[in-house]
Every structure is written in C-alpha cells, then in structure tokens.
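Report on the structure
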Amino acid sequence: MIEAASTEPFGFQAFYPGPGLGGHCIPIDPFYLSWKARQYDFQTRFIELAGEINTEMPYHVMGAIAAALNREKKALSTSRVMVLGVAYKKDVDDLRESPALKIIELLQKEGAQVAYHDPYFPSIGAGRHYRLNMRRSELDKLAEYDCVVIVTDHSDYDYERIVRESRLVVDTRNATRGIASPKIVRA
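A short tour of the structure in this document, coming up. Source: prediction; values computed, not measured.

Checked against the element boundaries, aspartate 171 lands in strand E6 (residues 169–171). An unpaired buried charge is present at aspartate 171: no salt bridge exists, and arginine 186, the closest side chain of opposite charge, is 4.7 Å distant. In this structure the side chain of aspartate 171 is engaged in a polar contact, spanning 2.9 Å, whose partner is the backbone nitrogen of arginine 173.

In structure tokens, the structure reads:
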C-alpha cells in the first residue's frame, strides 16, 4: 500500500509500522495537545487511540519473539536474545523514548539473557524510565543467540549476513525485505 501511495507526484510522506515510537516529540507532544483540549471539553480520541497503539507495540514485539521462539521449541525464559539497534530511529545517536529500551526490559523480566548491538551506543546506562547498564556486544557470534531482533534498521548492518549467521531473526522494521529465509519472522 505504501509503495502504491508513493507514486503520488506530490505531498506524499511514507510512514512505516515499527516496534513503537521514540524521540523527543512524537511520543509526548500530542498528549500535551490532548490535555489542553480536555480543558476546553474537546475530545481527542484519535490522539489517545494512536498513543495506546504505539505504547502497546513493544508488547506486540514481545509476543512475536515468544511465538517465534516457541516455533523453534525454545522458551523465552531460557533464551539468549540479541537486540539490533537501540536508537529510536535509523542512523541517529538518540535513545530518547526508544522502544528498544522497553523491549530489552521486557525480555529481561521474562528471564531472557539479552545483549544488544548499536553502532552509535557502546553502552546504555540509566535513563528516566530504565536502568539497563549494558555494554554493546559485537556481531561476530550471532549463531550463539537463540534469536536476533531487529529493532532499529541502521544502514550499517549487513542484513543478508545477519540472516545467514543467525538461528532466528525477528524483524520489526522490514529491514530484511527482499531476503527469503525460513529464519525470518516479520513482526
């Protein structure tokens, strides 16, 4: 649908689904508008609904990871999971409100051993909503992980190599489009 819509000769902006929203404005600013509108008895149901859906996306990703691991006869609680990309969007060095942080926390709460790689972040410390205190892992031993989860689709990643060397890949950004493999689960 997006590809077809992009044939519009003017005024088209593509928005792709993903694991949730991040950044300094989109996840937060609409709620200020909604709050102010309520002061004038104006309802912003669409803003509230969009916020609910976006807030739930990391949980949707968790469900996809658990289902993919179950398909491989693996329990999430005993799995080793590599999260690729922690920045809130492609090719930036910004963690603010990143859905990757919530996904990592949820994986850890379920008992998974979690590692991450992001070319922009050698470590993740503590923030307003999280205390991860992790150091970046390298991508030289992908086969040691039960699942690799693509959360941020950085341009630096060689997705064909990632799929080839991984046991299972959950792709939340459609970064593996054009790659055919039974190892890929698109979430």
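What follows covers the nonpolar core. Nonpolar side chains in soluble globular proteins tend to end up buried together. By size, the foremost hydrophobic cluster in this structure holds 34 residues, and its most contacted members are Ile65, Ile104, Leu107 and Ile124. Those elements that provide at least two residues to this core are helix H3 (45–71), strand E1 (80–84), helix H4 (99–109), strand E2 (113–117), strand E4 (131–135) and strand E5 (147–150). Beyond its immediate stretch of four places on either side in the chain, isoleucine 124 contacts Val86, Leu95, Leu101, Ile104, Tyr116, Tyr130, Leu132, Asn133 and Met134. Met82, Leu84, Tyr157 and Ile179 belong to the second largest nonpolar core, which has 16 residues in total.

Attention now moves to the packing of aromatic side chains. Each aromatic ring pair is characterised by the separation of its centres together with the angle its planes make. Taken as a whole and judged by the stated rule, the model has one aromatic pair. Centre to centre, the rings of tyrosine 157 and tyrosine 159 are 6.0 Å apart; their planes meet at 75 degrees, and the pair counts as edge-to-face. The buried category is assigned to tyrosine 157, whose relative accessible area is 7%. With relative accessibility at 12%, the residue tyrosine 159 sits in the buried group. The residue whose ring lies beneath arginine 80 is tyrosine 145, and the NZ or CZ to ring-centre distance is 4.7 Å.

Reading the values: rules and limits
Residues numbered from 1 in each chain as written. Predicted model: local features only at pLDDT ≥ 70, side-chain atom pairs only at ≥ 80, totals over all residues. Heavy atoms only, no water. Helix = DSSP H or I, 4+ residues; strand = E, 2+ residues; numbered from the N terminus. Buried < 20%, exposed > 50% of the residue type's maximum accessible area, 1.4 Å probe, protein only. Lys, Arg positive; Asp, Glu negative; His and termini not counted. Salt bridge = Lys/Arg side-chain N within 4 Å of Asp/Glu carboxyl O. Polar contact = N/O pair within 3.5 Å; in protein donor to acceptor, adjacent residues only side chain to side chain. Core = buried A, V, L, I, M, F, W, Y, C linked by side-chain atoms within 4.5 Å. Contact = heavy atoms within 4.5 Å. Phe/Tyr/Trp six-rings, centres within 6.5 Å; stacked < 30°, edge-to-face > 60°. Lys NZ or Arg CZ within 6 Å of the ring centre and 35° of its normal.

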